Amino acid sequence: MNLTKNLILNTDSYKFSQFNQYPEGTEYVYSYIESRGGKWKNTVFFGLQMFLKEYLVNPITKEDIDTAELIVTAHGEPFYREGWEYILEKYNGKLPVRIKAVPEGTPVPLSNVLVTIENTDPKCWWLTSFLETALLRAVWYPTTVCTNSYESKRIILNYLEKTGDTNLINFKLHDFGARGVSSLESAGIGGISHLVNFMGTDTVTALLYGKKYYDIDMAGFSIPAMEHSTVTSWGRENEVDSYRNMLRTYGKPGAIVACVSDSYDIYNACRMWGTELKDDVINSGATLVVRPDSGDPPEVVVRSLQILDTYFGHTVNDKGFKVLNNVRVIQGDGITQDTIDRILYRAMTAEYSADNISFGQGGKLLQGVDRDTQKFAMKCSAVRVNGEWRDVYKQPVTDWGKESKKGRVTLFKNENGFFTDVEGSSDSQPVLETVFENGEIVKNYTFDEIRANAVTL
């Protein structure tokens, strides 16, 4: 028995006491998920399909009910066994709910409906809100990571448009985040969320999640790279030999090799690359990527470019900016959207193209977000009681930012963009698609479709 896969237990404790808190005669509960505000003006919706495939398609069993009842009652909460047994007997354990959602990969402005959920059987009025904990978590984390990555992409694209080649964008931000997340599952979910926008990653779990949940054989790519131990184990006096060994091992025509070069002195290492190792680099036919990993990022990156430029030279592209011969730089320490912008701006003022620079990002990419980054919430907006639909909303006087929407709200799109209104109120194009109904996934997105949806605004 896998207790963590028991969907009945995938909730908050207080949810178990709420089945009898609704008005008598309640038949249907309709709720929605939105990003109420936050750091960025858009959210790139992603990740719901992983949750549907991993959890929601699995029918509830008698063993699940028995186990949940023992745990919940011992925990001090009531257990609505009658409701769960009804689902087991009538639907063979499949959940009678309908979930609609924005097509995955779609950037949507803040304060718009992204997901709706409602029960499809009037005897399961309590089920909609019961699923809030698991469903909201399944949406906010991958969507926020995907949005984080998307916003970094916008910054980098801006500089590529000004100084370089926009076709290089796919490998400009590399995921270094696997060791900095809270769990293997976070690495997989967060890592594949990043790969909606880019194709560079060292998070192997992300590849597995892409294959399992989105049927993509290979969502991301990496290159041979050194770490500090494979430099320092040679001894400081033999630093050059560690680099030469790397080139001899992996430096093939057309290859890309990354060498962390700040174990002792990044600037001396750049001079070493340009003197003792210059012929090795050129003769290998590979592109050398020098990785600083300490210091002030804008200062270190640009100074490294300048030293490498002294020895390897450059060409000038059609936008008037310098592109180094044979070598590039990747900055993987201290990367945020602010430092990306400052590094690229400083490089631009020094007349270096953004083509020369890539970024690696770890904890700030996959772990530096929470539910409040984009103020995610799931709220009930309508109920049907004794055959009559009622608008439902909250409006706390102590925080107007937490006012919720009323009615059977959904998402529309017209020539001016996305907007939220109640069903049937507009002739504009409805956006939400039914993705899950009565225990079955009814819409499956491929990763190619998702990447195509994630158009950078």
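Conventions used here
- Residues numbered from 1 in each chain as written.
- Predicted model: local features only at pLDDT ≥ 70, side-chain atom pairs only at ≥ 80, totals over all residues.
- Heavy atoms only, no water.
- Helix = DSSP H or I, 4+ residues; strand = E, 2+ residues; numbered from the N terminus.
- Buried < 20%, exposed > 50% of the residue type's maximum accessible area, 1.4 Å probe, protein only.
- Contact = heavy atoms within 4.5 Å.
- Areas by Shrake-Rupley, 256 points an atom, 1.4 Å probe, with all protein chains shown as cover.
- Lys, Arg positive; Asp, Glu negative; His and termini not counted.
- Charge placed at Lys NZ, Arg CZ, Asp CG, Glu CD.
- Core = buried A, V, L, I, M, F, W, Y, C linked by side-chain atoms within 4.5 Å.
- Salt bridge = Lys/Arg side-chain N within 4 Å of Asp/Glu carboxyl O.
- Expected span 1.5 Å × (residues − 1).
- Pairing = 2+ DSSP bridges.
- 1 Å grid on protein atoms, 1.4 Å probe; cavity = no way out; pocket = protein on both sides within 12 Å on 5 of 7 lines; lining within 4 Å.
- Points joined across faces, edges and corners; volume = space filled by probe spheres on them.
- Nonpolar A, V, L, I, M, F, W, Y, C, P; charged D, E, K, R; others polar.
- Axes fitted to C-alpha atoms, helices over the stretch in contact; angles between N-to-C directions.
- Left-handed = near helix turned anticlockwise from the far one by under 90°.

For the chain, the helix and strand inventory stands at 15 helices and 20 strands. Counting across all 457 residues of the chain, residues that qualify as buried make up 54%. A fraction of 75% describes how many contacts in the chain between residues 6 or more apart in sequence connect residues 24 or more apart. For the chain, the accessible area works out to roughly 19600 Å², and carbon and sulfur atoms hold 47% of it. Side chains of the chain carry 48 positive and 59 negative charges; the gap between the two charge centres is 2 Å.

Let's shift gears to the nonpolar core. By size, the foremost hydrophobic cluster in this structure holds 82 residues, and its most contacted members are Leu48, Trp84, Leu95, Ile99, Trp126 and Phe447. At 10 residues, the largest contribution of residues to this core is made by helix H5 (residues 132-163). The residues touching Leu48, leaving out its near neighbours within four places in the chain, are Ile99, Ala101, Glu104, Leu135, Ala138, Val139, Tyr214 and Val435.

This part is about the pattern of salt bridges. As enumerated under the stated definition, the model contains 22 salt bridges in all. With a closest N to O distance of 3.3 Å, Glu151 and Arg154 form a salt bridge. Of this pair, Glu151 and Arg154 both sit in helix H5, 3 residues apart, which is roughly one turn of the helix. Look at Arg154 and you get partly exposed, because its relative accessible area is 25%.

It is worth spelling out unusual backbone geometry at this point. Leave glycine aside and you will find that most residues have negative phi; peptide bonds, for their part, are mostly trans. Even without being glycine, Asn92 reaches a positive phi, approximately 55°. Within the secondary structure, Asn92 sits in the loop between helix H3 (81-91) and strand E3 (97-101). Residue classification places Asn92 among the exposed positions, given a relative accessible area of 60%. Positive phi, close to 65°, is recorded for Ser111, a residue that is not glycine. Checked against the element boundaries, Ser111 lands in the loop between strand E4 (107-109) and strand E5 (113-119).

In this model helix H2 (residues 62-75) runs 20 Å from its N-terminal to its C-terminal C-alpha over 14 residues, within 8% of the 20 Å that 1.5 Å per residue would give. Taken as a whole, H2 has its buried residues at Asp64, Ile65, Thr67, Ala68 and Val72. Contacts from the buried residues of H2 go to H3. Gly76 occupies a position one or two residues after H2 and carries a positive phi of about 105°.

The next point concerns the sheet that holds strand E18 (residues 429-430). With antiparallel pairing, the 3 strands of this open sheet are ordered in space as E17-E16-E18. Edge strands, defined here as strands with exactly one partner in the open sheet, are strand E17 (417-422) and E18. As paired strands, strand E16 (residues 409-414) and E18 are joined by 2 bridges and run antiparallel to one another. Each residue of the ladder has a partner; that of Lys413, found in E18, is Gln429.

A separate point is the layout of surface pockets. In this structure, the largest pocket spans a volume of roughly 1100 Å³. Taken together, 37 residues line the largest pocket, and the ones lying closest to its centre are His174, Phe176, Ile223, Ala258 and Ile330. Elements with a contribution of two residues or more to the lining of the largest pocket: strand E6 (173-175), strand E8 (256-260), strand E9 (287-291), strand E12 (327-331) and strand E13 (357-361). For the lining of the largest pocket, the class distribution of residues is 14 nonpolar, 13 polar and 10 charged. Approximately 490 Å³ is the volume found for the second largest pocket. Lining the second largest pocket are 23 residues; nearest its centre among them are Tyr55, Arg137, Ala138, Glu185 and Ile189. At the level of secondary structure, the elements contributing two or more residues to the lining of the second largest pocket comprise helix H1 (48-56), H5, helix H6 (184-194) and helix H7 (204-214). Top contributing element to the lining of the second largest pocket by residue count: H5, with 6 residues. Across the lining of the second largest pocket, the residue classes tally to 13 nonpolar, 6 polar and 4 charged.

What follows covers the packing of helix H12 (residues 297-312) against helix H13 (residues 337-349). Their axes nearest at 9 Å, the elements H12 and H13 cross at an angle of 40°. The element H12 and its partner H13 pack so that their crossing is right-handed. On the side of H12, the interface is formed by Pro297, Pro298, Glu299, Val301 and Val302, while H13 contributes Arg342, Ile343, Arg346 and Ala347. For the contact of H12 with H13, the class distribution of residues is 6 nonpolar, no polar and 3 charged.

The next point concerns helix H9 (residues 239-250). The terminal C-alpha atoms of H9 lie 17 Å apart, and with 12 residues this matches the ideal 16 Å at 1.5 Å per residue to within 8%. Among the residues of H9, Glu239, Val240, Ser242, Tyr243, Arg244, Met246 and Leu247 are the ones counted as buried. Residues of H9 that are buried make contact with helix H8 (228-232), E8, helix H10 (266-274) and helix H11 (278-284).

Our next topic: the pairing of E8. Among the 5 residues that make up E8, 4 are buried, leaving the element largely enclosed by the rest of the structure. Bridge count between E8 and E9: 5 bridges; the pairing is parallel. Bridging across to E9, Ala258 finds its partner in Val289.

Turning our eyes to something else, we now look at the side chain of Asp355. Relative to the helices and strands, Asp355 is located in the loop between H13 and E13. When residues no more than four places from it in sequence are discounted, the contact partners of Asp355 are Leu160, Gly164, Asp165, Leu168, Lys172, Asn317, Val323 and Arg328.

Structural measurements only, silent on function.
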